[in-house]
Amino acid sequence: MIEAVSDFGTVFFDEAIFMYASAIMSSYVILAVLSGLEMRSYFRKNSYVDYRQILVSPHAPSVSILAPAYNEESTIIENVRSLLSLHYSNFEVIIINDGSKDRSLETLVEYYQLGRVDFALNVRMPTKRLRGIYKSKNAAYSRLTVVDKDNGGKSDALNMGINVSSKDLILCIDVDCIGEQDAILRMVKPFM
């Protein structure tokens with residue numbers, strides 16, 4: 001009798017696990033099919049988009065790229081170069097040095113020929129103390145603005161970037177992210 005109950009429990013448990021696994025697998029298959037259909041629809045809609053028209057359009061919205069940086073000395077130059085090389089006509093790159101303890105700010109100042117500037121700050125969000133705002137003396141880096149502030153964390157750094165930004169749209173990324181060259185073009189398409 002005990003063996004019969006034990007066998008019944010084992011069979012019931014095995015079948016319950018099988019049913020659960022089958023349900024999970026079925027949901028994955030359904031999601032894969034729906035994703036495939038949606039991707040096909042997306043590619044069909046976007047096959048006629050000429051992103052070069054957005055690139056030269058005077059109606060394309062301007063974009064502020066906000067990138068907080070904390071102790072990024074070893075990679076900061078390459079990361080900023082990557083952000084400055086994005087294909088778009090009207091954008092600015094705002095690097096927010098969030099109280100780095102290494103030489104991140106000094107490295108940026110030296111490489112990009114930055115100088116401290118007076119800046120009319122539009123305080124929309126409270127943040128930690130601003131130490132300074134830097135712009136390049138070299139016209140090749142005119143899109144670059146570097147903000148130095150006391151450490152307050154990533155959200156505080158982004159709030160400072162919002163206070164400094166002057167463009168229509170805001171794109172918040174990590175400074176060490178590398179995007180595709182046409183990432184901004186694809187991002188602004190729904191706003192046009």
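Summary of the structure given here. (Residues numbered from 1 in each chain as written. Predicted model: local features only at pLDDT ≥ 70, side-chain atom pairs only at ≥ 80, totals over all residues. Heavy atoms only, no water.)

## So, the overall build of the chain
(1) Moving on: On a plain count of helices and strands, the chain comes out with six helices and six strands.
(2) Moving on: By the compact-globule yardstick of 16 Å for 192 residues, the chain is too spread out, its C-alpha radius of gyration being 25 Å.
(3) Moving on: In the chain, which comprises 192 residues, the proportion classed as buried is 35%.
(4) Moving on: Taking contacts inside the chain between residues at least 6 apart in sequence as the whole, the part at least 24 apart equals 74%.
(5) Moving on: When the accessible surface of the chain is summed, it comes to about 12,000 Å², and 60% of that surface belongs to carbon and sulfur atoms.
(6) Moving on: Between the averaged position of the 20 positive side-chain charges in the chain and that of its 23 negative side-chain charges there is a distance of 12 Å. (Helix = DSSP H or I, 4+ residues; strand = E, 2+ residues; numbered from the N terminus. Rg over C-alpha atoms; globule rule 2.2 N^0.38 Å. Buried < 20%, exposed > 50% of the residue type's maximum accessible area, 1.4 Å probe, protein only. Contact = heavy atoms within 4.5 Å. Areas by Shrake-Rupley, 256 points an atom, 1.4 Å probe, with all protein chains shown as cover. Lys, Arg positive; Asp, Glu negative; His and termini not counted. Charge placed at Lys NZ, Arg CZ, Asp CG, Glu CD.)

## Side note on the packing of helix 3 (residues 76–84) against helix 4 (residues 104–111)
(1) Moving on: Interhelical geometry of helix 3 versus helix 4 gives an angle of 55 degrees and a closest axis separation of 10 Å. Comparing their axes, helix 4 and helix 3 come out oblique. Crossing hand, helix 3 versus helix 4: right-handed. Residues Ile-76, Ile-77, Val-80 and Arg-81 of helix 3 pack against Ser-104, Thr-107, Leu-108 and Tyr-111 of helix 4.
(2) Moving on: Classifying every residue of the contact of helix 3 with helix 4 by side-chain character gives five nonpolar, two polar and one charged. (Axes fitted to C-alpha atoms, helices over the stretch in contact; angles between N-to-C directions. Parallel < 35°, antiparallel > 145°, perpendicular 65-115°, else oblique. Left-handed = near helix turned anticlockwise from the far one by under 90°. Nonpolar A, V, L, I, M, F, W, Y, C, P; charged D, E, K, R; others polar.)

## Quick notes on the sheet that holds strand 1 (residues 63–69)
(1) Moving on: A sheet is described by the order of its strands in space; here six strands give the open sequence 3-4-5-2-1-6, paired in mixed fashion. Two strands in the sheet have a free side with no partner beyond their single neighbour: strand 3 (114–117) and strand 6 (169–172). The sheet shows a mean angle of 25 degrees between the axes of neighbouring strands, direction not considered.
(2) Moving on: Note that strand 1 and strand 6 share four bridges and pair parallel. Of the residues in strand 6, the one forming a bridge with Ile-65 is Leu-171.
(3) Moving on: Against the sheet, helix 3 touches strand 1, strand 2 (91–98) and strand 5 (144–149), its axis set at about 155 degrees to strand 2.
(4) Moving on: Helix 5 (residues 154–164) contacts strand 1, strand 2, strand 4 (130–136), strand 5 and strand 6 of the sheet and is inclined by roughly 140 degrees relative to strand 2. (Pairing = 2+ DSSP bridges.)

## A look at helix 5
In an α-helix, one turn spans 3.6 residues; hence positions three or four apart end up facing the same way.
(1) Moving on: Counted residue by residue, helix 5 has eight buried out of eleven residues, so it is predominantly covered.
(2) Moving on: When helix 5 is considered as a whole, its buried residues turn out to be Asp-156, Ala-157, Leu-158, Met-160, Gly-161, Ile-162, Asn-163 and Val-164.
(3) Moving on: Turning to helix 5, the residues buried within the fold contact strand 1, strand 2, strand 4, strand 5 and strand 6.

## Side note on the packing of aromatic side chains
(1) Moving on: Following the criterion strictly, the structure yields three aromatic pairs and no others.
(2) Moving on: With a centroid separation of 4.9 Å and 80 degrees between ring planes, the pair formed by Tyr-111 and Tyr-112 is classed as edge-to-face.
(3) Moving on: On the basis of relative accessible area, Tyr-111 is assigned to the partly exposed category, the value being 38%.
(4) Moving on: Judged by relative accessible area, which is 1%, Tyr-112 ranks as buried.
(5) Moving on: Relative to Tyr-141, the ring of Tyr-112 has its centre 4.8 Å away and its plane inclined at 90 degrees; by these criteria the two rings are edge-to-face. With Tyr-112 in the loop between helix 4 and strand 3 and Tyr-141 in the loop between strand 4 and strand 5, this pair connects stretches of sequence that are 29 residues apart.
(6) Moving on: The rings of Tyr-111, Tyr-112 and Tyr-141 are connected pair by pair, giving a single aromatic cluster. (Phe/Tyr/Trp six-rings, centres within 6.5 Å; stacked < 30°, edge-to-face > 60°.)

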